[in-house]
Amino acid sequence: MTLQENLGPRIDRPLVVADGPSISPLKQGGTVSTATIGPWRLIGRKLLRQKVAMIAGAVILILYLVGLFAEFLAPFLPTTSKPQYTYAPPQAISLFVTNPDGSSDFRPHVKGYRVEIDKVALRRTFVVDETKVVPIGFFVKGPAYHLFGLIPMDRHLIGPLNPADPMYLLGTDRLGRDVFSRLVHGTRVSMSIGLVGVGVSLVLGVVFGAISGFYGGWVDMLIQRVIEVVSAMPTIPLWLGLAAAIPLTWSPLTVYFVITIIVSLLGWTSLAREVRGRFLALRSEDFVTAARLDGSSETRLIFRHILPSLTSHILAVVTLAVPTMIVAETSLSFLGIGLKPPVVSWGVLLQDAQNIRTVATAPWLLIWPSLAVVVAVLSFNFFGDGLRDAADPYDN
Amino acid sequence: MVAPTDDTVLSVEDLSIDFRLRTHILHAVEKVSFELKQGQTLCLVGESGSGKSVTARSLLQIVDRPGRITGGRILLTTEGVVTDIAALSPDSTAMRAIRGRRIGLIFQEPMSSLSPVHTIGSQIIEAIRLHSALDAKAARERMIELLRQVEIAAPEKMADRYTFEYSGGMRQRAMIAMALAGNPDILIADEPTTALDVTTQAEILDLIKRLQVSRGMAMLLITHDMGVVAEVADKVAVMRFGRLVEQGPVDQIYHQPVHPYTSQLLASTVKLTRHAEARPPAVTSGPEPVLSVRNLSKTFGSNGPNAIKAVDDASFDLYPGENLGIVGESGSGKTTLGRLILRTVEPSSGSVLYRDGQGVETDVTRLGRKELRRFHRDVRLVFQDPFASLNPRMTVKEVIGDPLVVNGLARGRALEERVAELMRLVGLDPQAMERYPHAFSGGQRQRIGIARALALDPRIIIADEATSALDVSIRSQILDLLLDLRKRLDLSFLFISHDISVVRYFCDRVAVMHRGRIVEIGDAEQICTAPREAYTRSLISAVPNPDPRDKRMMHRQRFVAATPA
């Protein structure tokens, strides 16, 4: 006997036994997919929806590609100086040449320079000479180099058809070196010092933060006090002291690594605090207790059960730490205690723009390297923010 | 449109609410219609995800994003004027004038709905002054009066206390006072007693009901508990998956349900008011107990006046194949007792004797790290929260297989086969083993947790509120699964719960805890029907009875506890 027979009809709506929540596709006629995906793909999807973060991510990617292919992208070597073109102003690229008969041809070119003598200041200045045409092209032959230090090549993405001709898209510096080429080469050093530095802080920060948060008690106490002491250090004098201790005979590359480590030895504290906080919160979670009762060792608890839950958070913190490293390198080099010539970095480039006379006569020396720093730092910040928002895939 | 009759204060017509999600649109509420009448209580019943809370929140236009009212009308009648709430903007002045002034709301969590940095009094005064032009002095008098109405003792003194100085029940009373501050015509109570103990629940329900009658308010009570509904409702509306499946007077719903879902919901509730059928008789004699707890105590804090005795001199035996229930209200020390046995919390004194498969006795409180690991293979824990107890970053296979992996019992194909076997054992499809826990419902997740506990072939399972977070129909399924497993795998259960009906259904013997002490221990049927101790009697009588013809809670026995030493 069914229920209805038993109780008689008293139905004011049709008897519909639904076997699930009622859902419909986003678009008319579309299909509903409720297939579930793993945590990393969820993070990826959330990140993809943040436009600013994606643009910033693209910029970061481009900057690293620039660093990777620096020799190919730069028309000249960063160290080639041409004393006849000191403080030459930037040139603009034109696409059409007007012939004497009035017709115009498609021929990409830049205008050459003409020297003018300032009779009062007794100074040579370069002005762009509209009559001189320097033809340029893509994939031209130029100074020889080894791509990735391995493949011998002499082609450059862009350059004057005659390698001896001047083509200074962003002007030249005091010694007549091409600022564009130097900026491209500086990208490699400045962007990678951030990565290496963050790598060291990542290891230090995660290890100390995890130990501190997981064990608590006197271990936590000790590590936290160390962190406080480290973060209380006045950074610039400390850098000054440590940099002064680097022997002058060391190669620029060694100095570069030592500087990296100096910068990162002070940079791990914030990450350690973040990781500690997460561990404190997670170690009393039920799933951690469950794993402990399953017989997991403490190492396994830390690395297999707790750390995966915060990898995305760590990634976000790390992304936000890279710009700090970049700025640290820039300021150190600017002060003359970081990287030194002949190494080229954004900070070293800015060193050339230290006096007001240079800034007044050759503003491009200040503008382009600063712009590079600002763009890189902002991109990392926007991308890191986006990553942090996407880091928790299950909060919605 | 049917013209609302005189005593209808709110009528909801064909209300629909959609949530635009990542992959699809969820129709959280679909064409729901009901009426609220002056002086009447309508109970909106349903399990989690049925859309009952969203419906209630839409009446105040406080549906969380991305939810949106997509159709229907909510007609509020005040002094003959009809307003359509659904047409008002959530931020409009008109809507703000309705909130609190016409419709008051009580939330589920009294802990998080009160500000921790303001005194209770000042929070109520704020609500009063938002809705009236009273000056500071008059508002304070009104606030004291409201606190008196919600039966807070010494309201003049208590008004200047902070939230943390109030107990859960008192906070809910303060919330009610705040909801009444604007003299609303309609009171919406969204699971007002779910977070409270059963005795406190009885008092709060009693209070709400009396206030509603004396003020002639219309009340909409949202709950999942059919027992609560039977105690307070005049009319009942049953929701499922966003649809209203049935509504009618309370007596009719309980005694002549039409919709199969209503009958099913009632059956699951009524089932839990009896002991499980076909249970083997309790074995309390003959074999030696597997677990003997003697004089176990735990004191938190140093031995001073501030020391808290979470567990005080607890002794009991657990026999092979037995289900022993531990019941008590929050703070009674029942969870700590479970943790002390497993030693995730170290006991202050006392002993736990465990007799293993070979009959060798060990004192768990003296075990070293390595032996404790072996003990943890035999005695497993099932957690309360099916969401927090599974690592969200591990697949189900990794979760269930983890105890096997760390104990070096299985790997590779053997591991996979064992996990599949365990999943079948708890009624899950092994094909889903590569999925992540969030793809499963609460009940399925609890099955995963049980499978993990079974992975090491345990002898005892400590289930700490293992069914409290589940819907009533799922709850009885999980309990039946555990009963079945006990028979098949020769298990003993230590079942910790605050829910007396669950304990009565599941357990052979019951120990009642109160303030860290075991006040009474005995046969489950005897404890639930003829308790000896006054405290147990008050506890049992406060349990709502899912029959509107027999409202047990309303004439319950009160237990006046002696102040703790």
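Here the structure is a predicted model, which is why all the values come from computation and not from measurement. Residue positions are given per chain, counting from 1 as you read along its sequence in written order. Think of it this way: whatever chain is written first is A, whatever ligand is written first is 1, and the rest follow in order. Note on the predicted model: pLDDT of at least 70 is required for a residue's local features to be given, and 80 or more for side-chain atom pairs to be given and counted; whole-chain, interface and lining totals, by contrast, use all residues.

> Pulling in residues and values, what's your account of the overall build of chain B?
Starting at the N terminus, helices and strands are each numbered in turn, a helix being any DSSP run of H or I of at least four residues and a strand any DSSP run of E of at least two. Of the regular secondary structure elements, chain B holds 19 helices and 20 strands. Taken over C-alpha atoms, the radius of gyration is set against a globule rule of 2.2 Å times the number of residues to the power 0.38. The C-alpha radius of gyration computed for chain B amounts to 26 Å, which stays within 12% of the reference 24 Å derived for 565 residues, consistent with globular compactness. By principal-axis analysis of the C-alpha atoms, chain B measures approximately 80 × 55 × 45 Å. By the burial criterion, 48% of the 565 residues in chain B qualify as buried. Field definition: a residue is buried when 20 or more other C-beta atoms are found within 10 Å of its C-beta, exposed when 12 or fewer are, and partly exposed for counts in between, with C-beta atoms placed from the backbone.

> Provide a residue-level description of the overall build of chain A, including the pertinent values.
Check the secondary structure of chain A and you find 14 helices and five strands. A buried classification covers 35% of the 396 residues belonging to chain A. Once C-beta atoms are placed from the backbone, any two residues with those atoms within 7 Å are in contact. For chain A, long-range pairs separated by at least 24 residues make up 69% of all intrachain contacts whose partners lie at least 6 apart in sequence.

> Tell me about unusual backbone geometry, and name the residues and values.
Residue and element names in this part refer to chain B. Positive phi, normally seen in glycine, also occurs at Lys 31, with a value near 45°. For Lys 31, the position within the fold is in strand S2 (residues 25-37). Positive phi, normally seen in glycine, also occurs at Ala 154, with a value near 50°. With respect to the helices and strands, the residue Ala 154 is situated in the loop between helix H4 (136-149) and helix H5 (155-158). Here Ala 154 falls in the exposed class, since 9 other C-beta atoms lie within 10 Å of it.

> Can you break down the sheet that holds strand S3 (residues 41-45) of chain B residue by residue, with the values?
All names here are of chain B. Ordered by their spatial adjacency, six strands build an open sheet running S6-S7-S8-S3-S9-S10, and the pairing between neighbours is mixed. Among the strands making up the open sheet, the edge pair consists of strand S6 (103-106) and strand S10 (243-249). Looking at each pair of strands side by side, their axes are set apart by 15° on average, direction ignored. Fitted lines through C-alpha atoms serve as axes, helices being fitted only where they are in contact, and the angles separating the N-to-C directions of these axes extend from 0 to 180 degrees. The strands touched by helix H10 (residues 260-271) are strand S9 (235-240) and S10; relative to S9, the strand with the most contacts, the crossing angle is about 100°. We treat two strands as partners when DSSP finds at least two bridges between them.

> Tell me about the domain arrangement of chain A, and name the residues and values.
Residue and element names in this part refer to chain A. Domains assigned within chain A are domain 1 (84-171) and domain 2 (182-390). Between the C-alpha centres of domain 1 and domain 2 the distance comes to 39 Å. In this assembly, four residues from domain 1 lie in contact with five residues from domain 2. In this classification, Asp, Glu, Lys and Arg are treated as charged, Ala, Val, Leu, Ile, Met, Phe, Trp, Tyr, Cys and Pro as nonpolar, and every other residue, Gly included, as polar. Across the side of domain 1 that touches domain 2, the residue classes break down as three nonpolar, one polar and no charged. Throughout the structure description, domain borders are defined by an automatic or database domain assignment.

> Now, about the confidence of the model for chain B: what can you tell me, with residues and values included?
In low-pLDDT segments, the atomic positions of the prediction should not be examined closely. Per-residue confidence from the predictor is reported as pLDDT, which spans 0 to 100. For chain B, per-residue confidence averages 86 on the pLDDT scale, and residues scoring 70 or more make up 95% of the total. Reported for the predicted complex are a pTM of 0.77 and an ipTM of 0.79.

> How would you sum up the domain arrangement of chain B? Please name residues and give values.
Residues and elements named next belong to chain B. For chain B, the assigned domains read domain 1 (10-270) and domain 2 (291-545). Between the C-alpha centres of domain 1 and domain 2 there is a distance of 35 Å. Contacts between the two partners involve 16 residues from domain 1 and, on the opposite side, 14 residues from domain 2. A per-class count over the side of domain 1 that touches domain 2 returns five nonpolar, seven polar and four charged.

> Tell me about the nonpolar core, residues and numbers included.
The nonpolar side chains of soluble globular proteins are, as a tendency, buried together. Only buried Ala, Val, Leu, Ile, Met, Phe, Trp, Tyr and Cys residues enter a nonpolar core, and they are joined through C-beta atoms within 7 Å. Judged by nonpolar contacts, the single largest core of 244 residues is most densely connected at Ile 124, Ala 177, Ile 186, Leu 220 and Phe 495 of chain B. Contacts of Ile 186 of chain B, omitting those with residues within four sequence positions, involve Val 9, Leu 10, Leu 36, Arg 102, Ile 103, Met 217, Ala 218 and Leu 220 of chain B.

> Run through the packing of helix H5 (residues 179-215) of chain A against helix H14 (residues 364-390) of chain A, naming residues and quoting values.
Residue and element names in this part refer to chain A. Here H5 crosses H14 at 30°, and the two axes come no closer than 11 Å. When the interaxial angle is binned, H5 and H14 end up roughly parallel. Viewed along their axes, H5 and H14 form a crossing whose handedness is right-handed. From H5, Val 179, Leu 183, Gly 186, Thr 187 and Met 191 reach across to H14, where they touch Trp 364, Leu 365, Trp 368, Pro 369, Ala 372 and Ala 376. Tallied by class, the residues present in the contact of H5 with H14 amount to nine nonpolar, two polar and no charged. The labels follow the angle: roughly parallel below 35 degrees, roughly antiparallel above 145, roughly perpendicular from 65 to 115, and oblique for the rest. Crossings are assigned a handedness: left-handed for a near helix turned anticlockwise from the far helix by less than a right angle, right-handed for a clockwise turn.

> Requested: an account of helix H13 (residues 396-406) of chain B, with residues and values cited.
Turning to H13 of chain B, its buried residues number three or more, namely Val 396, Val 399, Ile 400, Gly 401, Asp 402, Pro 403 and Leu 404 of chain B. Among the structural elements, helix H10 (286-293) of chain A together with helix H14 (412-425) and helix H15 (442-454) of chain B are those in contact with the buried residues of H13 of chain B. Where H13 of chain B terminates, the next one or two residues include Gly 408 of chain B, which has phi positive at roughly 65°.

> Break down the sheet that holds strand S4 (residues 67-78) of chain B for me, citing the residues and quoting the values.
Reading across the sheet, the five strands line up as S1(A)-S2(B)-S1(B)-S4(B)-S5(B) and stay open at both edges, with antiparallel pairing between neighbours. Lying at the two open borders of the sheet, with one neighbouring strand each, are strand S1 (23-24) of chain A together with strand S5 (81-84) of chain B.

> Give me the packing of H10 of chain B against helix H16 (residues 472-489) of chain B: which residues, what numbers.
The angle between the axes and the distance between the axes are what describe a pair of packed helices. All names here are of chain B. One way to put it is that H10 packs onto H16 with a least axis distance of 8 Å and a crossing angle of 50°. Classified by the interaxial angle, the pair formed by H10 and H16 is oblique. The two elements H10 and H16 meet at a crossing, and its hand is left-handed. On the side of H10, the interface is formed by Gln 264, Leu 265, Ser 268, Thr 269 and Lys 271, while H16 contributes Val 472, Ser 473 and Ser 476. The class makeup of the residues in the contact of H10 with H16 is two nonpolar, five polar and one charged.

> Explain the pairing of strand S17 (residues 460-464) of chain B to me, using residue names and the numbers behind them.
When a strand is regular, its side chains alternate between the sheet's two faces. All names here are of chain B. Burial analysis of S17 places five of its five residues in the buried class, the great majority of the element. The alternating pattern of S17 places Ile 460, Ile 462 and Asp 464 on one face and Ile 461 and Ala 463 on the opposite face, and all of these are buried. Here four bridges tie strand S16 (residues 379-382) to S17, and the two strands are oriented parallel to one another. Note on S17: the bridge partner recorded for Val 379 is Ile 460.

> Give me the lowdown on the environment of Val 236 of chain B, citing residues and values where you can.
Residues and elements named next belong to chain B. Within the fold, Val 236 resides in strand S9. On the basis of neighbour counts, which here come to 26 C-beta atoms within 10 Å, the residue Val 236 falls in the buried class. Distance from Val 236 to Leu 146, taken between C-alpha atoms, is 29 Å for residues 90 residues apart in sequence. Once residues within four sequence positions are removed from consideration, Val 236 is found in contact with Cys 43, Val 45, Val 229, Gln 247, Gly 248, Val 250 and Ile 253.

> With reference to specific residues and values, describe the environment of Asp 118 of chain A.
Its location among the elements puts Asp 118 of chain A in strand S3 (residues 104-118). Leaving out residues up to four positions away in the same chain, Asp 118 of chain A has contacts with Arg 123 and Thr 125 of chain A.

> Help me get a handle on H5 of chain A, residues and values and all.
Residues and elements named next belong to chain A. Each residue after the first adds 1.5 Å to the expected span of a helix. Over its 37 residues, H5 extends 53 Å from the first C-alpha to the last, a length consistent with the 54 Å expected when each residue adds 1.5 Å. Fitting axes to the seven residues ending at a residue and to the seven starting there, one defines the bend at that residue as the angle between these axes. The largest bend in H5 is about 25°, located at Gly 186. With 26 of 37 residues buried, H5 lies mostly within the body of the structure. A positive phi of about 65° marks Gly 216, the residue just after H5.

> Account for the environment of Leu 349 of chain A, with residues named and values stated.
All names here are of chain A. Within the secondary structure, Leu 349 is located in helix H12 (residues 346-351). It is 7.6 Å that separates the C-alpha atoms of Leu 349 and Leu 183, two residues lying 166 residues apart in sequence. Beyond its immediate sequence surroundings of up to four residues, Leu 349 is in contact with Arg 182, Leu 183, Gly 186, Val 344 and Pro 369.

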